[in-house]
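# Structure at a glance
Each chain is listed here by its residues.
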Amino acid sequence: MKFLCLTAALLLALVLGVFAQEKTDTLKVLCYNLRFGELASLEELAAFIKEQQPDVVALQEVDCHTNRERAPLQNGKDFITELGFRTDMLSAYGKTIPYAGGYYGIGILSRFPLASVERIYLPKTEHGKEQRAMLVSHVEYEEGKYFTFACTHLDYTNTEERQVQVAKLNEVLQKEPYPVIVCGDFNARPDSKEIVEGMADWKRLCNLDSTVPAKEPRHKIDYIFAYPQEKWEGIENTTWKVQLSDHLPIGAVVELR
């Protein structure tokens, strides 16, 4: 009897051990270039984001206290703080350039606590037009468990500039102590050198649907990538056909192993 009990206990421990090894955590990710609110109100943008119930959101073209002639209804607003309030999510902001009396940059929304947030400027050569950056956060999705979530917006003028920026992105993010998701407007098509070669070590978690221009999409320039590849699995992905910006938002449901 003791032998049978011991055998049963060992089998149970083995089964539980295998289950523990195979346990995964599911996350929903959303990425959206907002076009500085020119085409929709913050209320509309927040309503869309909240409807999708994401865990983390990467946002580009995010204004703070600007006074744009092209978006007068958004003048003076702190986009990321208001979007965080309206979506019931935590928020972080990274300025890239001063603009129109305020700031222009990128932002993150998270359902989970952000243990740390750092804005990292990307290289700007004589060929680039604007300073670009990456916002990197350590997200505590469970007590004592973290992943790195990064948002970026690469240069739109030329591929050489973007290749240098992607090299910096890899240098920083591949050294992270936690599994990484990076999202953003890369301003590069899937067959570009900065994507094919620059992001070769990453797992693409989004589909290849065109994302710009929103009304008649012809090109894919918005992406969700994960590293290291073996830590992540894509479950589903979406490109929403909504007209709140000149980009279409993209999303993915992913598993962290």
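Notes on the structure follow. The shown structure was predicted, so the numbers you read here are calculated from the model rather than taken from an experiment.

## Some remarks on the sheet that holds strand β12 (residues 250-256)
Spatially, the six strands line up as an open sheet ordered β3-β4-β2-β1-β12-β11, and their pairing is mixed. Two strands close off the open sheet at either side, each with one partner strand: β3 (90-99) and β11 (232-239). Averaged over all pairs of adjacent strands, the angle between their axes in this sheet comes to 20 degrees, without regard to strand direction. Pairing analysis gives nine bridges linking β3 to strand β4 (residues 102-110), with the strands arranged antiparallel. Each residue of the ladder has a partner; that of Pro98, found in β4, is Tyr103. The sheet contacts of helix α2 (residues 42-52) involve β1 (25-33), β2 (56-64) and β4, and relative to β1 the element is tilted by about 160 degrees. Its contacts with the sheet place helix α3 (residues 79-87) against β2, β3 and β4, and it is angled at close to 25 degrees to β4.

## Considerations on unusual backbone geometry
Excluding glycine, most residues fall at negative phi; most peptide bonds, likewise, are trans. Cis peptide bonds are those with omega within 30 degrees of zero, and the linkage from Val212 to Pro213 qualifies with -15 degrees. Note that Pro213 resides in the loop between β9 (203-204) and β10 (222-227). For the peptide bond that leads from Tyr227 to Pro228, omega is -10 degrees, which places it in the cis range. Relative to the helices and strands, Pro228 is located in the loop between β10 and β11. Positive phi is not limited to glycine here, since Ala100 has a value of about 50 degrees. With respect to the helices, strands and loops of the structure, Ala100 is situated in the loop between β3 and β4. A residue is classified by how much of its surface remains accessible, and Ala100, at 34% relative accessible area, is partly exposed.

## A few points about the packing of aromatic side chains
Applying the stated criterion across every chain yields a total of ten aromatic pairs. Pairing Tyr223 with Phe225 gives two aromatic rings, centres 5.4 Å apart and planes at 20 degrees, and the pair type is stacked. The two residues Tyr223 and Phe225 agree in class, both being buried. Site record: aromatic cluster; members linked through ring pairs are Tyr32, Phe48 and Trp240. The ring of Phe36 has Arg68 sitting right over it, with the charged end atom 3.8 Å from the ring centre. We note Lys220 situated over the ring of Tyr223; from NZ or CZ to the ring centre the distance is 5.3 Å.

## Overview of the pattern of salt bridges
The tally for this structure, following the rule as stated, stands at 15 salt bridges. Salt-bridge contacts for Arg70 lead to Glu38; the nearest nitrogen and oxygen are separated by 3.3 Å. Linking Arg70 in the loop between β2 and α3 with Glu38 in the loop between β1 and α2, this pair joins segments that are 32 residues apart in sequence. Its relative accessible area of 25% is what places Glu38 among the partly exposed residues. Between Arg257 and Glu233 there is a salt bridge; the shortest N-O distance is 3.2 Å. One end of the pair, Arg257, is in the segment after β12; the other, Glu233, is in strand β11, and 24 residues separate them in sequence. Residue Arg257 is classed as partly exposed on the basis of its relative accessible area of 46%. With a relative accessible area of 30%, Glu233 lands in the partly exposed category. Several salt bridges share partner residues, and in doing so they unite Arg35, Glu38, Arg70 and Asp246 into one network.

Rules and cut-offs
- Residues numbered from 1 in each chain as written.
- Predicted model: local features only at pLDDT ≥ 70, side-chain atom pairs only at ≥ 80, totals over all residues.
- Heavy atoms only, no water.
- Pairing = 2+ DSSP bridges.
- Helix = DSSP H or I, 4+ residues; strand = E, 2+ residues; numbered from the N terminus.
- Axes fitted to C-alpha atoms, helices over the stretch in contact; angles between N-to-C directions.
- Contact = heavy atoms within 4.5 Å.
- Buried < 20%, exposed > 50% of the residue type's maximum accessible area, 1.4 Å probe, protein only.
- Phe/Tyr/Trp six-rings, centres within 6.5 Å; stacked < 30°, edge-to-face > 60°.
- Lys NZ or Arg CZ within 6 Å of the ring centre and 35° of its normal.
- Salt bridge = Lys/Arg side-chain N within 4 Å of Asp/Glu carboxyl O.

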